[in-house]
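# Reading the structure
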Amino acid sequence: MKSTILKSGLLALALISTITSCSKKEEGFTINGTIAGLDKGTVYLENTDEKGDKKIADSAEIQKGGVFAFTGKVSEPLLYTIKLKGEEYGATFLLDNENIKVEAKKDSIFKAKVSGATQNDIYKSYYDNEFKKIQAIAGPVYKFSDSLSQNGKVKLTAEQQTMMDKKWKDLQAFADDLTDKFIRKNKDKTAAALVISDRIVSYGTPEQVKTYYAVLSPEVQKSVYGKQLKEAIDLNDKTAVGVAAPEFSQTDVNGKEVKLSDYKGKYVLIDFWASWCGPCRKENPNVVLAYKTYHDKGFEVLGISLDDKKNLWEKAIEKDGLTWTHVSDLKGWKNDVAVLYGVKLVPTNYLIGPDGKIVAKNLREEALQTKLKEIFSKS
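Let me sum up the structure you'll find in this document.

## Here's the deal with unusual backbone geometry
Between Val 346 and Pro 347 the backbone carries a cis peptide bond, its omega angle lying at 0°. As for its position among the elements, Pro 347 is in the loop between helix H10 (336-340) and strand E14 (348-352). You will see that Leu 330, though not glycine, has its phi angle at about 55°, which is positive. Given a relative accessible area of 28%, Leu 330 falls into the partly exposed group. Backbone geometry at Glu 365 places phi at a positive 50°, although glycine is not the residue there. Mapped onto the elements, Glu 365 comes out in the loop between strand E15 (358-361) and helix H11 (366-376). For Glu 365, a relative accessible area of 52% translates into the label exposed.

## Brief notes about the pattern of salt bridges
Opposite charge on two side chains allows them to pair when their charged atoms are near. Inspection of the entire model under this criterion finds 14 salt bridges. A salt bridge links Asp 177 to Lys 181; the shortest N-O distance between them is 3.3 Å. Of this pair, Asp 177 and Lys 181 both sit in helix H3 (residues 158-185), 4 residues apart, which is roughly one turn of that helix. Given a relative accessible area of 36%, Asp 177 falls into the partly exposed group. Accessibility expressed as a relative area gives 52% for Lys 181, which makes it exposed.

## Regarding the environment of Gly 242
Assignment of secondary structure puts Gly 242 in the loop between helix H7 (224-238) and strand E9 (249-251). Considering only alpha carbons, one finds Gly 242 and Ile 358, 116 residues apart in sequence, at a separation of 5.3 Å. If sequence neighbours within four positions are ignored, Gly 242 has contacts with Lys 357 and Ile 358.

Cut-off values and rules
Residues numbered from 1 in each chain as written. Predicted model: local features only at pLDDT ≥ 70, side-chain atom pairs only at ≥ 80, totals over all residues. Heavy atoms only, no water. Helix = DSSP H or I, 4+ residues; strand = E, 2+ residues; numbered from the N terminus. Buried < 20%, exposed > 50% of the residue type's maximum accessible area, 1.4 Å probe, protein only. Salt bridge = Lys/Arg side-chain N within 4 Å of Asp/Glu carboxyl O. Contact = heavy atoms within 4.5 Å.

Below, the structure written as structure tokens:
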């Protein structure tokens, strides 16, 4: 008798637990916020769709005291941004079906304090802890490197280069270790997929992306951000060393159409860059040197700009002495060729061989000179 009663009780508790968890999902989210310094206006709740386009999901009127509120429901934890009308930036956080509180100031919405967002707290913890530790070590290394080379004006000696190579290698190992531990610890959380996207897709290797994607739980792999990682993996396979470079065409500064196939029979460096990109401008003298050294031997460069303002693009070309062909559709990060090749950061480059196949990727600084010397010393 006692056993039957106990079983009935446990069944009832399980049923209540199921109803409670389901009802919480059905209830959706509530965002209660305040923006100090505002008594009126409109605040927007914005998210980014799977194509990367920003969409306004909802809007609310700001009441006296800067008070506003949103209610709704999401199918899974997703990144949303709270922003004011006319403002480009706002407070971005992982929104789930919870009661969330947002406290912000009029002139610094992006610094808003977000509480009650469990998944967001996990994601944010990476940048508050692991990433800050990485930055603390990276800062001095960058400063030392710039000081040693006088901001790239002085070529390092072989001994100095060896020393710097070791510093960069140690920094990378330190960063990789911290990021690895975070991803594995949170493999069943949306935050892990986002950190892989933030840090590994952009700064790691294709092999690392595949490795960490496999670490994620099946549920996270099926999430929006898990699917995006799979798309990145599939896209990389299409632009891997040894495969035929995807064909494309785009117009140059004079409006003339230029195709990748125009360069067949030659080695061509497809160089993704932008006038506003500091590291790109810093790398440009190295590309100029490579072009001057090997152009007569059959080496070409095709610059693809992620600019959206033609005048700034053209000024940078002239100022940096980039005498090769340049193309752009002036769509910024949505440049059609950049999207086709899955470019997530600049500078990014692909060295294409005479047969149209990808020979190497992301050759920067001395690596570019070494690879070209290796190629053209044989010819």
